[in-house]
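A closer look at the structure
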Amino acid sequence: MNKQHPAAYKALIGLSSEAEKAATTAGLDPLLTELVRIRASQINGCAFCLRMHTGDALKKGENPDRIAVLPAWEETGYFSDTERAALRLTEAITNVSDGHVGDEDYADAASVLTADQISAVAWLTTVINAFNRVAITSRYHVAG
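From a predicted model like this one, the values you see are computed outputs, not experimental measurements. (Residues numbered from 1 in each chain as written. Predicted model: local features only at pLDDT ≥ 70, side-chain atom pairs only at ≥ 80, totals over all residues. Heavy atoms only, no water.)

1. Some words on the packing of aromatic side chains
Evaluated as defined, the whole model comprises 3 aromatic pairs. On the basis of an interplanar angle of 80 degrees and a centroid distance of 4.9 Å, the ring pair of Phe48 and Tyr140 is categorised as edge-to-face. Here Phe48 is found in helix α3 (residues 47-59), whereas its partner Tyr140 is found in the segment after α7 (115-137), with 92 residues between them in sequence. (Phe/Tyr/Trp six-rings, centres within 6.5 Å; stacked < 30°, edge-to-face > 60°. Helix = DSSP H or I, 4+ residues; strand = E, 2+ residues; numbered from the N terminus.)

Structure, rendered in structure tokens:
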């Protein structure tokens with residue numbers, strides 16, 4: 001897809017850059033930005049994006065234990081209230097076909113995150129979901 005339509009792919013990269021700027025401006029920790037990307041990629045089963053963003057998170061100083069338990073984040077004490085709200089919202093957006101982003105999901109996020117942070121998480125999640133679909137559809141190779 002990126003080779004056949006490079007302008008579209010370049011636009012997606014630009015959108016990703018803008019979403020990351022929005023997250024920074026909203027005060028979201030860069031590690032949380034990577035956790036959002038990893039969690040959505042886990043749900044979508046995107047090995048390419050998982051490898052990339054796990055590596056990015058580790059380079060930024062993320063604790064490997066937190067990455068290891070991320071699929072079960074609700075059962076751990078590893079994550080702050082802000083991280084938990086962002087992860088819950090990320091899951092709701094990524095699983096939008098399972099019943100949309102419910103009022104409860106939004107209210108839970110709004111009880112901890114500012115409107116700018118909610119928007120930034122939504123943009124980060126939207127963009128990584130798009131990248132997951134591009135990577136999966138394009139059969140991006142992941143070798144050991």
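Right, picking up where we left off after that structure.
2. Considerations on the state of the cysteines
Under the criterion given, the structure shown has 0 disulfides. Its sulfur unpaired, Cys46 is 3.5 Å from the next cysteine sulfur, which belongs to Cys49. Here Cys46 falls in the buried class, since its relative accessible area comes to 1%. With relative accessibility at 4%, the residue Cys49 sits in the buried group. (Disulfide = S-S within 2.5 Å. Buried < 20%, exposed > 50% of the residue type's maximum accessible area, 1.4 Å probe, protein only.)

3. Concerning helix α5 (residues 81-94)
The terminal C-alpha atoms of α5 lie 20 Å apart, and with 14 residues this matches the ideal 20 Å at 1.5 Å per residue to within 8%. Of all 14 residues in α5, 11 are buried; the element is thus mostly enclosed. The set of residues buried in α5 consists of Glu83, Arg84, Ala85, Ala86, Leu87, Leu89, Thr90, Glu91, Ala92, Ile93 and Thr94. Structurally, α5 contributes buried residues whose contacts are with α2 (30-44), α4 (64-68), α6 (103-110) and α7. (Expected span 1.5 Å × (residues − 1). Contact = heavy atoms within 4.5 Å.)

4. With respect to helix α1 (residues 6-25)
The end-to-end C-alpha distance of α1 is 28 Å, a good match for the 28 Å that 20 residues give at a rise of 1.5 Å each. What α1 keeps buried is the set Leu12, Ser16, Ala19 and Ala23. Within α1, the buried residues cover an arc of 65 degrees as seen down the axis, which keeps them to one side. Of the exposed residues in α1, those oriented more than 90 degrees away from the buried face are Ala7, Lys10, Thr24 and Thr25. At its buried positions, α1 is contacted by α2 and α7. Two residues or fewer past α1, Gly27 is found with a positive phi of approximately 90 degrees. (Arc of directions from axis to C-beta.)

From the geometry alone we can't say anything about function, so treat these as descriptive.
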